[in-house]
Every structure is written in C-alpha cells, then in structure tokens.
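Architecture and fold: a report
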Amino acid sequence: MKSRLVSAAAVSALALTPVIGFAGPASAAPFKCSVNQPKTFPTPGTDTRLTIYLCVEKEGASSYSARAGVSYANGGGSINKFDKLEVHVRLERYDVVQAGLVCNFFPIVNFGVSGDNIPCGPIGDTTTSPVTADGTVIYNIDGDGLGDFRWDLTGSPSL
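All values derive from a computational prediction rather than experimental measurement.

Looking at the state of the cysteines
Working definition of a disulfide: a covalent bond connecting the sulfur atoms of two cysteines. Throughout the structure, instances matching the rule amount to two disulfides. Covalent S-S linkage joins Cys 33 and Cys 55, the inter-sulfur distance amounting to 1.9 Å. The S-S bond linking Cys 33 to Cys 55 shows a torsion near 105°; that makes this disulfide right-handed. Highlighted residues: Cys 33 in strand 2 (residues 31-33) and Cys 55 in strand 4 (residues 48-58), separated in sequence by 22 residues. Note on Cys 33: relative accessible area 29%, which makes it partly exposed. Each sulfur of the disulfide joining Cys 103 and Cys 120 lies 2.2 Å from the other. An S-S torsion of about 95° defines the bridge between Cys 103 and Cys 120 as right-handed. Of this pair, Cys 103 sits in strand 7 (residues 96-104) while Cys 120 sits in strand 8 (residues 114-126), and the two are 17 residues apart along the sequence. Of the two residues examined, Cys 103 and Cys 120, each falls in the buried class.

Right, here's the structure in full:
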C-alpha cells in the first residue's frame, strides 16, 4: 500500500485555489463518482456540515486515480470546531487498497467559514479494473471529551 500525507499547509494552499470540478486529461478519460454524502456535526457554536464525494478515474491503459471533493458550511472562523478532521481516500480493487492518501482538513474548517469542492487527491496506481474510490473520515469534535469517531463513506461505482 502506498500512502502520502498532505500537510495542512498544502491543503490550505489548495483551499485558496478556485476549483470548478475535476479536470481530466485532454483525452477525457472516463471517471465515476459517488453521490454527495452530507453529514452535520454537533460542533461548538453552529453545527458544521460537511459534504463529500469520491471519484475514480482512468488515467491510462492500466493506471487509475481516486480523489475526494470536500465542501463545508459553518466552519470555525473564530471558534475551534474540531481537534481532528482527516479525510482518508483509497483507490481499491475488490476492496483491497491499491493506494491511499490522508488529507488533514481540521485547520481549513477550524479557520474558515465555508469552502466548496476542496480537493483531496488524486492518489494513483497502476492496476487493472475493476477499481473504486473509497473513503473514511476520522474526526474529533473540539471540547466534547469523547475522542475520535469514524464516518465510513460510500465508495464510487466501479470503473
């Protein structure tokens, strides 16, 4: 399994880049995405809402990538909302991880009010189809004393 960690600074820099959608290569490679998956968290102040979708894309003859798009509303601004907010994205073949990536979103959501379609990924690997994008969110709400929780996302359709 290959893994990469995106630093808060790198993800923060990505958050400042406007993203309209996931652009594919000039060949318009095929891709499939899950539906938007919303969840409202009981955070300090106003509850925070995340919406995440996962996509898998064919990059070449035997190369695929997985990515997530994350949107949020009612982030912290001046209030800490989370002690931890990680989005784990995986490229899987028959539920076996081929490649993985962890994006740390807690500084973005804690210090921003809202964000739309912030990318996590892509993470790629050479494999054969069928493949899917899958993901998990590990979060810890600030000040609740309950520790980490896990939100398993619904993966993309297979490609």
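We are not done yet, so read on.
Quick look at the side chain of Lys 81
Relative to the helices and strands, Lys 81 resides in the loop between strand 5 (63-73) and strand 6 (82-93). The buried charged residue Lys 81 lacks any salt bridge, with Asp 47 as its nearest oppositely charged partner at 6.7 Å. Among all residues touching Lys 81, those that are not within four sequence positions of it are Thr 43, Pro 44, Gly 45, Thr 46, Thr 48, Asn 74, Gly 75, Gly 76, Asn 110, Ile 141 and Asp 142.

A look at the packing of aromatic side chains
Taken as a whole and assessed by the stated rule, the structure comprises four aromatic pairs. Seen in terms of ring centroids, Phe 41 and Trp 151 are 6.0 Å apart; in terms of plane orientation they differ by 70°. Their pairing is edge-to-face. Separated by 110 residues along the polypeptide, Phe 41 in strand 3 (residues 37-41) and Trp 151 in strand 10 (residues 149-152) bring together distant segments of the chain. We classify Phe 41 as buried; its relative accessible area is 1%. Look at Trp 151 and you get buried, because its relative accessible area is 11%. For the ring pair Tyr 139 and Phe 149, a centre distance of 5.7 Å and an interplane angle of 25° mean the geometry is stacked. In this pair, Tyr 139 is assigned in strand 9 (residues 132-141) and Phe 149 in strand 10, connecting sequence segments 10 residues apart. Given a relative accessible area of 8%, Tyr 139 falls into the buried group. Judged by relative accessible area, Phe 149 falls into the partly exposed class, the value being 35%. Taken together, the ring pairs connect Phe 41, Phe 82, Tyr 139, Phe 149 and Trp 151 into an aromatic cluster. Between the NZ or CZ atom of Lys 39 and the centre of the ring of Phe 41, over which it lies, the distance is 5.8 Å. Geometry around Trp 151 places Lys 39 over its ring, the cationic atom sitting 5.8 Å from the centre.

Basis of the calculations
Position numbers for residues count from 1 along each chain, tracking the sequence in the order it is written. It should be noted that, the model being predicted, local features are given only for residues of pLDDT at least 70 and side-chain atom pairs only at 80 or more, the latter also being counted only at that level, while totals for whole chains, interfaces and linings use all residues. Water and hydrogen atoms play no part in the side-chain values, which are based on all heavy atoms of the structure. For the purposes of this analysis, a disulfide is any pair of cysteine sulfur atoms at a distance within 2.5 Å. Strands are runs of DSSP state E lasting at least 2 residues, helices are runs of H or I lasting at least 4, and numbering of each runs from the N terminus. Think of it in three bands: residues with accessible area under 20% of the maximum for their type are buried, residues over 50% are exposed, and the middle band is partly exposed, with areas taken using a 1.4 Å probe on protein chains only. Residues scored as charged are limited to Lys and Arg (positive) and Asp and Glu (negative), so that His and the chain ends carry no count. Basic side-chain nitrogens of Lys or Arg form a salt bridge, by our definition, when they fall within 4 Å of a carboxyl oxygen of Asp or Glu. Contacts are assigned to residue pairs with any non-hydrogen atoms lying within 4.5 Å of each other. Working definition: a ring pair exists when centres of Phe, Tyr or Trp rings (six-membered ring for Trp) sit within 6.5 Å. Plane angles under 30 degrees give stacked, over 60 give edge-to-face, the rest tilted. Cation placement over rings: the criterion is NZ of Lys or CZ of Arg within 6 Å of the ring centroid and within 35° of the ring normal.

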